[in-house]
Amino acid sequence: MSSLPLTQNINEQRDPVDLAAYEKNHGYEAVHKALKEMSPADCLQEIKDSALRGRGGAGFPTGMKWSFVPMDNVSEGHKYLVCNADEMEPGTFKDRLLMECDPHQLIEGMILSAWTIQADIAYIFIRHEYHLAARLLQEAIDECKAKGYLGNDILGTGFNLEMYVHSSAGRYICGEETALISSLEGKRANPRAKPPFPQISGLWGRPTIVNNVETLCNITHIIRNGAGWFKSLGLGADSGTKLFGVSGRVKNPGCWELPMGTPIRELIEQHAGGMQDGYKLRGLLPGGASTDFLVEEHLDLAMDYDVIGKAGSRLGTGTMIILDDKTCPVGMVKNLVEFFAQESCGFCTPCRDGLPWTAQVLDDIDTGKGMKVDMVTLKNQVRFIGAIGNTHCALAPGAMEPVSSAMKYFAEDFETHIKNKACSYCKTNSSTGGA
Amino acid sequence: MMNSKTDNPLQATSVLTPAELAEIDKEISHAPYRAAVAIDALKIVQKHHRWVSDESLNALADYLGMSPAELDGIATFYNLIYRRPVGEEVISLCDSVTCWIMGYNKLQQHIIKRLDVGLGETTDDDRYTFLPAPCLGACDRAPVMMVGNELHQNLDEAKIDQILKVKSSTSDVNNNGRQE
Ligand SMILES: Cc1cc2nc3c(=O)[nH]c(=O)nc-3n(C[C@H](O)[C@H](O)[C@H](O)COP(=O)(O)O)c2cc1C
Ligand code: SF4
Ligand code: FES
């Protein structure tokens, strides 16, 4: 049993393992075990006991999420399992690795998940740009069909499962799970009101579970090796391992599987090789573009959901973005907000009209046109746009997280921009475009 | 489910080619109703024509049993459905946060000069359309861009020159990125 299960088959230098090689390394043993020896209720209990939390950003307990799927007589219609492979949160590059380097691991996890909730149709909703991953997944699905792991009467158990790869047509909002469902139905990707929750009324009004790629990959190993083993992998309160990443001006940016609870410092200094020569760390977004900044004083914190939460940020996707001392914090936040403003689905006013306004205020400050009152405007925008419940989905509050934390940690940068009517980073590192 | 063969309206079958119709029908075969494949169908049409013209859109709407306005509302929501002509290949340069930190802006200016093409425009020889792209999920190799279906990473000016030169003088696949 590998202590780094998710990447045990992964070698970026070669093609991913095919079905035969995957099976040789215990692949699909969990499918044999679950379908023949475990009831869906047994599997659900195992997932609950494992304390697995969703790896898509919100960290919701997977077992609990699944427990809301109706399991009594629903034979008159379909149930759906959807893999969220949209991966569009800026700074996130982990699901690509899992899909490009070990597609069978994801498919095995999806078969097990579908068995647990008794779904008969599964979709992999993948962003358009991941052509290679989509092709490899389709090839792996075809191999599974030929071998009888997918299709009708899987392993003679009477369980049927069809699996489709759906390649998206763009837009970050498709990653939000109810917007994703709208998009899979062929519509504009507007999020939906909850309740009803997708577990009850999701895709085409039927019970639907949406999970992140990495979450589903973990299912393979939890069923194979047990909940107790999975819990023992984490260093702190959270169980399992995680794909952590570091990008920005570090010596060795990348993505590594490490135990949950690995300290931030270890990630940056050991795995990412520390800062590039001539650059110092000023801050970081721990889990993608929509998480609050952390700074130097947080470096010894464990990358655990609750630890990072208590520090005022979110673990998010676990792939961090480093702000160095030669990059303008105001410019960085402007880039982030411009992304979110562009990607607003337009459904609700605070987000559709508010985010472009925030981007405008940040641009004014960044380009030396800012006034003191702009800081008050920004604070109000954080208050109104950033509050959960003021908008129809979490995109807009997520967008405001780096804004409010940047104003807290990099206040003097905002002030100098306004006072000097210029960006002091522009000389060394154009704030409108990095180095 | 409606039978796709007998419901083929004349207009649709005269604009949409048999190859496109066959691919669209395959999608319809596992969808609960025809309009459910709207996005897949738009992508199929685009795959064959590089973009989705009004003529194609109208025919497709007809074929899927939707109004053209409804289908256009969907088409224009998604940034990777092109409702205007594009060149042979689309250059998508990531402009999100890590690529910004790593200096995509300079590269954007470089491409604009090198190809004499603005953002959203197509080169005179119809070879490239230059578009900005949100994070391409390769931030550890920033700055990155895609040319067609190929990802190119750890970019600098010299590398971009090499990629665009190779691409415009021969049809050889270069080895700069993972390929598809
Ligand atoms: C604007 C927005 C974008 C999102 N994008 C993604 C995404 O690309 N991939 C993903 O797995 N989850 C994304 N999520 C989170 C999903 O809504 C959902 O929580 C997740 O897919 C659930 O899977 P999990 O429980 O396995 O984490 C996004 C959420 C929001 C609000
Ligand atoms: S918050 Fe933004 S993305 Fe979410 S529903 Fe409102 S407009 Fe759409
Ligand atoms: S920010 Fe450019 S690839 Fe992620």
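If you're wondering where the values come from, they're calculated on a predicted model, not measured in any experiment. (Residues numbered from 1 in each chain as written. Chains lettered and ligands numbered in written order. Predicted model: local features only at pLDDT ≥ 70, side-chain atom pairs only at ≥ 80, totals over all residues. Heavy atoms only, no water.)

*Asks:* Let's hear about the sheet that holds strand β2 (residues 128-133) of chain B: which residues, and what values?
*Replies:* All names here are of chain B. Strand order across the open sheet formed by 4 strands is β2-β1-β3-β4, with mixed pairing between neighbours. What marks the edges here is a single partner per strand, and that holds for β2 and β4 (150-152). Ignoring which end each strand starts from, the neighbouring axes of this sheet average 20° apart. Looking at chain direction, strand β1 (residues 89-94) and strand β3 (residues 145-147) are connected through 3 bridges and run antiparallel. Looking at β3, one finds that Leu93 is bridged to Met145. (Pairing = 2+ DSSP bridges. Helix = DSSP H or I, 4+ residues; strand = E, 2+ residues; numbered from the N terminus. Axes fitted to C-alpha atoms, helices over the stretch in contact; angles between N-to-C directions.)

*Asks:* Run through the interface of chain A and chain B, naming residues and quoting values.
*Replies:* Contact residues are listed per partner, giving 60 residues for chain A and 42 residues for chain B. Between chain A and chain B the total buried area reaches about 4100 Å² when both faces are included, carbon and sulfur atoms providing 56% of it. Linking chain A to chain B there are 1 salt bridge. The interface formed by chain A and chain B contains 21 residue pairs in polar contact (both at pLDDT 80 or more). (Contact = heavy atoms within 4.5 Å. Buried area = accessible area lost by both parts, 1.4 Å probe. Salt bridge = Lys/Arg side-chain N within 4 Å of Asp/Glu carboxyl O. Polar contact = N/O pair within 3.5 Å; in protein donor to acceptor, adjacent residues only side chain to side chain.)

*Asks:* Pulling in residues and values, what's your account of the environment of Lys187(A)?
*Replies:* Looking at where Lys187(A) falls in the secondary structure, it is placed in the loop between α8 (177-184) and β5 (208-212). Counting along the chain gives 216 residues from Lys187(A) to Val403(A), while the straight-line C-alpha distance between them is 31 Å. Apart from the residues within four sequence positions on either side, Lys187(A) is in contact with Ser182(A), Arg192(A), Tyr33(B), Ile39(B), Ile74(B) and Tyr78(B). At 2.7 Å, the side chain of Lys187(A) forms a polar contact with the side chain of Glu185(A).

*Asks:* Outline the packing of helix α2 (residues 29-37) of chain A against helix α9 (residues 213-225) of chain A, listing residues and values.
*Replies:* How two helices sit against one another is set out by the angle between their axes and by the gap between those axes. Residues and elements named next belong to chain A. Orientation of α2 relative to α9, taken along the N-to-C sense of each, is 65°, at an axis distance of 9 Å. The handedness of the crossing between α2 and α9 is left-handed. Each of Ala30, Lys33 and Ala34 in α2 lies in contact with α9, whose residues at this interface are Thr220, Ile223 and Arg224. Taken together, the residues of the contact of α2 with α9 break down into 3 nonpolar, 1 polar and 2 charged. (Left-handed = near helix turned anticlockwise from the far one by under 90°. Nonpolar A, V, L, I, M, F, W, Y, C, P; charged D, E, K, R; others polar.)

*Asks:* Describe in detail the confidence of the model for chain B, supporting the description with residues and values.
*Replies:* Residue and element names in this part refer to chain B. Scored by pLDDT, chain B has a mean of 89; 84% of the residues are at 70 or more. Scored below 50 in pLDDT, residues 1-8 shows 13 contacts in the model against residues more than four places distant or in partner chains. In this model residues 169-180 is a low-confidence stretch, pLDDT under 50, and it forms 31 contacts with partners more than four residues away in sequence or in other chains. Note on the complex model: pTM 0.95, ipTM 0.96. (pLDDT = per-residue confidence, 0-100.)

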